[in-house]
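Below are the chains, spelled out letter by letter.
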Amino acid sequence: MFTGIIEEIGTVMNLVGSSSGALITISCKKVLEDLKVGDSVAVNGVCLTARDVKTDSFVADVMPETLGSTNLGELSAGKHVNLERALKAEGRFGGHMVLGHVDGVGRIIRSYPEGNAVVYFIGAPRELMKYIVPKGSVAIDGISLTVQTVAHQGFSVSIIPHTLRATALQYKKTGDTVNIEVDIIGKYVREFLKNILESSSDKGLTVEMLKSYGF
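## Topic: the side chain of Thr-25
Within the secondary structure layout, Thr-25 lies in strand β2 (residues 21-27). Accessibility expressed as a relative area gives 10% for Thr-25, which makes it buried. Once residues lying within four places of it in the same chain are set aside, the contact partners of Thr-25 are Thr-11, Val-12, Met-13, Asn-14, Ser-57, Phe-58 and Val-59.

This is the structure in structure tokens:
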């Protein structure tokens, strides 16, 4: 599990594709300090497993499903990526619960300054918008952010100067894609309530029924 607090901006050295997926090599420094083969690293919010660790980089496999459901397939040599190692049990939980399982790909529609921050409006797939709520949590390319506003076709997030400097978002421009992971708590709650409503379709949702489920 991750927290969405980016540790380092890495640089893609190469992405070699094949019929069975791809191998990605990322140049970095900080995440290599205690990284071992088999450890998890979030790359732009995608949980990958290090298969080889070198003095200045690490190599990871990327499955075909991951290439198709995230923006990792768009990467090439020289591109910048957000990196975060898996959370240690004794580590600070500075962001929110991020699993590294991307739910969909969005696109930057526009960005504009607002005081000392920069607001990004992200166009998102319709099926994800039901999990996006104002002041709720969302991970954008692995960055833990707070939703500012919600519209029918997307949502906005406000980026403080530190976050912009410390992440690869500074290199993104209008039209670029971003990986979106919605809040895991929201997904569980929505699915739980959906199952309750489906099981109670004959009687409807009642106060007694909600109490019986602990509400």
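## Topic: the pattern of salt bridges
Tallying each qualifying case throughout the model produces eight salt bridges. Among the ionic pairs, Lys-88 bridges to Asp-34, the shortest N-O distance being 3.1 Å. With Lys-88 in the loop between β6 (80-85) and β7 (104-114) and Asp-34 in the loop between β2 and β3 (40-43), this residue pair connects regions lying 54 residues apart in the sequence. Its relative accessible area of 46% is what places Lys-88 among the partly exposed residues. You can call Asp-34 partly exposed: its relative accessible area is 30%. Residue Lys-173 pairs with Asp-176 through a salt bridge whose shortest N-O separation is 3.6 Å. On the accessibility criterion, Lys-173 (55% relative accessible area) is exposed. Overlapping salt bridges, with partners in common, bring together Glu-7, Asp-34, Arg-85 and Lys-88 in one network.

Cut-off values and rules
- Residues numbered from 1 in each chain as written.
- Predicted model: local features only at pLDDT ≥ 70, side-chain atom pairs only at ≥ 80, totals over all residues.
- Heavy atoms only, no water.
- Helix = DSSP H or I, 4+ residues; strand = E, 2+ residues; numbered from the N terminus.
- Buried < 20%, exposed > 50% of the residue type's maximum accessible area, 1.4 Å probe, protein only.
- Contact = heavy atoms within 4.5 Å.
- Salt bridge = Lys/Arg side-chain N within 4 Å of Asp/Glu carboxyl O.

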